[in-house]
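Architecture and fold: a report
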Amino acid sequence: MQAVKVGLLGLGTVGSGTVSVLSRNAKEITRRAGRGIQISHAAAKEYNADAITGLDQIEKISDDAFAVVNDPEVEIIIELIGGYSPAKELVLEAIKNGKHVVTANKALIAIHGNEIFAAAQKKGVTVAFEAAVAGGIPIIKAIREGLAANQILWAAGIINGTSNFILTEMSEKGRDFDSVLKEAQDLGYAEADPSFDVEGIDAAHKLTIISSIAFGIPLQFEKTYIEGIANIEQQDVVYAAELGYRIKHLGITRKTEKGIEMRVHPTLIPHRRLIANVDGVMNAVLVKGDAVGPTLYYGAGAGSEPTASAVIADLVDIVRALTSDPENRVPHLAFQANELSDMPILPMEEVETAYYLRMQAIDRPGVLAEVTAILGELGISIEAILQKEPKEGASHVPIIFLTQRVQEKNMNEAIEKIKKLDVIEGDITRIRMESLK
Ligand code: HSE
């Protein structure tokens, strides 16, 4: 049988990896797919031809991406240019032309996925996006297919390698934020705009997708609560460790009776949890199903060949299903398109979680009582208190509280009241805390 002709958009980090892995593992991939897969037409604005193995096997390369999506010989388009535009126009054009699409573009799927999937459904083609979440970890396939028997209860993941690298270096080597971020950029982990990493936007894109396939809801990026790692200080990492916790940037989604939580923020987690020990640029996603219990998926969340691994897995899936009835393919968001739920997304104020609070207090009797009185009034139970010695000559001491679970709106009110106490100086650092039991 003739090889399936594929069009490739983008020859950057992931594009190069895809070309190399496809050519290096051609035999194995053909044995799995049942047909050869050939990139026949590629488009890239710029690329380093000497650095890409297998480039000579591509029949045609130009800088015209629209020529690729309009090439009648091409059956599948791989979109690896990233960003919203022209990626969206190219994907929609490919669908209009009856081509299947594989993309690693998390921003595109999180923001425009509902529209893209509707167009694909209408045309009977597939848009596959395994590489959009957690790089090489097959988390989409695991949730969408492997856990199909379960009611998913919650998922929590370290899904931004750059943030994890920064937190790990701060915690293990005592390095400061800016120098680690610079290194992450130099190593090619960070997004083109690194604020997407450190402000939590990249993780929120990925969490939006996880949440949709876990609970069968439309993609709702705009309702995701987003907080990055920029406010985490070295001292918080140290105090958290003293209390038996590690700080990780987590994406968390949970189904509650009132609605679905979708939140991305730094989180204290017990150091004995496996996921607390996922370091550097590595990613991990913990998914709890009612039947299977907790499951953990770990691996490289970025990088050329790890991400190519996910791209090619999607390609193989599509090739295997080329002749199948579109109605019988795995649905884009795991649940049949007409079965998506309108369950509300919980506003952050209504989310219940435990907290780490750090404040600077005057070192004199009665101060703790004033703070605990406010916490008590708002029904906030204290789990642990840590008071550090004042630094030489300092009039204030750091006090750290760990609280039990409470609604975010009560905690907001408590923080506002505590900040107004004469005995408290400056801002109060609040980091959410999850046991992930
Ligand atoms: N900038 C992303 C990260 C790359 O650091 O995880 C993979 O999406």
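Predicted, not measured: the structure shown is a model, and the values here were computed from it.

**A short note on the overall build of the chain**
For the chain, the helix and strand inventory stands at 14 helices and 17 strands. With respect to the three principal axes, the spread of C-alpha positions in the chain is 85 × 45 × 35 Å. A burial count over the chain gives 55% of its 437 residues as buried. Looking at the chain alone, contacts between residues at least 24 apart form 74% of all its contacts between residues at least 6 apart. Element-wise, carbon and sulfur atoms account for 49% of the exposed surface of the chain, whose accessible area totals about 18,900 Å².

**Considerations on unusual backbone geometry**
Each neighbour pair has its own omega, and for Ser-85 with Pro-86 the value is 10°, a cis peptide bond. Mapped onto the elements, Pro-86 comes out in the loop between β4 (76-79) and α4 (87-96). Even without being glycine, Ala-134 reaches a positive phi, approximately 60°. Relative to the helices and strands, Ala-134 is located in the loop between β6 (127-128) and α6 (139-146). Positive phi, normally seen in glycine, also occurs at Leu-436, with a value near 50°. With respect to the secondary-structure elements, Leu-436 resides in the segment after β17 (424-433). Taking relative accessible area as the criterion, Leu-436 reaches 9% and is therefore assigned buried.

**Quick word on helix α1 (residues 13-24)**
Side chains that are three or four residues apart share a direction in an α-helix, a result of its 3.6 residues per turn. A rise of 1.5 Å per residue sets the reference length of α1, with its twelve residues, at 16 Å; its end C-alpha atoms lie 17 Å apart and thus fit the reference within 8%. Most of α1 sits out of view: nine of its twelve residues are buried. Considering only its buried residues, α1 is in contact with β1 (4-9), α2 (26-33), β2 (37-43), β4 and α12 (304-320).

**Looking at the site of the ligand**
As a structural note, the neighbourhood of the ligand is formed by Lys-106, Asn-160, Gly-161, Thr-162, Tyr-189, Ala-190, Glu-191, Asp-197, Asp-202, Lys-206, Gly-301 and Ala-302. Taken by itself the ligand offers 260 Å² of open surface, and the protein chains cover 91% of this. Broken down by secondary-structure element, the contributors of at least two residues to the shell around the ligand are α7 (161-173) and α10 (201-215). For the shell around the ligand, the residue count by class is three nonpolar, four polar and five charged.

**With respect to the sheet that holds β4**
Adjacent strands of a sheet pair through backbone hydrogen bonds, lying either parallel or antiparallel. Strand order in the open sheet formed by six strands is β3-β2-β1-β4-β5-β6, with parallel pairing between adjacent strands. Whereas interior strands pair on both sides, the edge strands pair on one side only; in this sheet they are β3 (60-62) and β6. Where β1 meets β4, four bridges bridge the pair, whose relative direction is parallel. From the neighbouring strand, Leu-9 faces β4, where its bridge partner is Glu-79. Against the sheet, α1 touches β1, β2 and β4, its axis set at about 155° to β2.

**Here we look at the pairing of β1**
Summarising burial for β1: six of the six residues are buried, a large majority. The two faces of β1 match: Val-4, Val-6 and Leu-8 on one face and Lys-5, Gly-7 and Leu-9 on the other face are all buried. The sheet contact formed by β1 and β2 spans six bridges and is parallel. Pairing of Val-4 across the sheet is with Ile-37, part of β2.

**So, the domain arrangement of the chain**
Each assigned domain of the chain is listed with its residue range as follows: domain 1 (4-136 + 304-339), domain 2 (139-300) and domain 3 (351-433). Between domain 1 and domain 2, the contact holds 25 residues from the first and 24 residues from the second. Here domain 1 and domain 2 share an interface that buries about 2,000 Å² over both sides, 65% of which is from carbon and sulfur atoms. Our enumeration of links across domain 1 and domain 2 arrives at three salt bridges. The partner of Asp-317 in a salt bridge is Lys-141, with the nearest N and O atoms 2.7 Å apart. At the boundary of domain 1 and domain 2, one finds ten residue pairs in polar contact (both at pLDDT 80 or more). Of all the secondary-structure elements, those providing two or more residues to the side of domain 1 that touches domain 2 are α5 (106-123) and α12. Considering every element that reaches the side of domain 1 that touches domain 2, the biggest residue donor is α5, with eight residues. Within the side of domain 1 that touches domain 2, the residues separate by chemical class into 16 nonpolar, five polar and four charged.

**Structural notes on the nonpolar core**
Counting residues in each nonpolar core, the largest one holds 54 residues, and the members touching the most others are Ile-139, Ile-209 and Val-287. Within the residue set of this core, elements represented by two or more residues are α3 (65-69), α4, α5, α6, β7 (152-158), α10, β10 (260-270) and β11 (282-289). The element best represented in this core is α10, accounting for eight residues. Mapping this core onto the domain boundaries places at least three of its residues in each of domain 1 (4-136 + 304-339) and domain 2 (139-300). Every residue in contact with Val-287, bar those within four places of it in the chain, is listed here: Ile-139, Ile-143, Leu-147, Ile-152, Trp-154, Ala-155, Gly-293, Pro-294, Thr-295 and Tyr-297.

**Considering the side chain of Thr-295**
Mapped onto the fold, Thr-295 is located in strand β12 (residues 293-300). The buried category is assigned to Thr-295, whose relative accessible area is 14%. A distance of 2.9 Å separates a polar atom in the side chain of Thr-295 from a polar atom in the side chain of Tyr-297. Contact partners of Thr-295, with chain neighbours within four places excluded, come to Leu-147, Val-285, Leu-286 and Val-287.

**Topic: the pairing of β10**
Within β10, eleven of the eleven residues are buried, which leaves it mostly tucked inside the rest of the structure. Strand direction decides the pairing type here: strand β8 (residues 225-226) and β10, joined by two bridges, are parallel. Its bridge partner being in β10, Tyr-225 is matched across the sheet by Arg-263. Across eleven bridges, strand β9 (residues 245-255) lies against β10 in antiparallel orientation. Residue pairing across strands places Gly-251 opposite Val-264, the latter belonging to β10. The hairpin formed by β9 and β10 contains four residues between the paired strands, and Gly-259 there has a positive phi angle of roughly 160°. Here β10 pairs with β17 via two bridges, running parallel.

Calculation rules
- Residues numbered from 1 in each chain as written.
- Predicted model: local features only at pLDDT ≥ 70, side-chain atom pairs only at ≥ 80, totals over all residues.
- Heavy atoms only, no water.
- Helix = DSSP H or I, 4+ residues; strand = E, 2+ residues; numbered from the N terminus.
- Buried < 20%, exposed > 50% of the residue type's maximum accessible area, 1.4 Å probe, protein only.
- Contact = heavy atoms within 4.5 Å.
- Areas by Shrake-Rupley, 256 points an atom, 1.4 Å probe, with all protein chains shown as cover.
- Expected span 1.5 Å × (residues − 1).
- Near = heavy atom within 4 Å.
- Nonpolar A, V, L, I, M, F, W, Y, C, P; charged D, E, K, R; others polar.
- Pairing = 2+ DSSP bridges.
- Axes fitted to C-alpha atoms, helices over the stretch in contact; angles between N-to-C directions.
- Domains from an automatic or database assignment.
- Buried area = accessible area lost by both parts, 1.4 Å probe.
- Salt bridge = Lys/Arg side-chain N within 4 Å of Asp/Glu carboxyl O.
- Polar contact = N/O pair within 3.5 Å; in protein donor to acceptor, adjacent residues only side chain to side chain.
- Core = buried A, V, L, I, M, F, W, Y, C linked by side-chain atoms within 4.5 Å.

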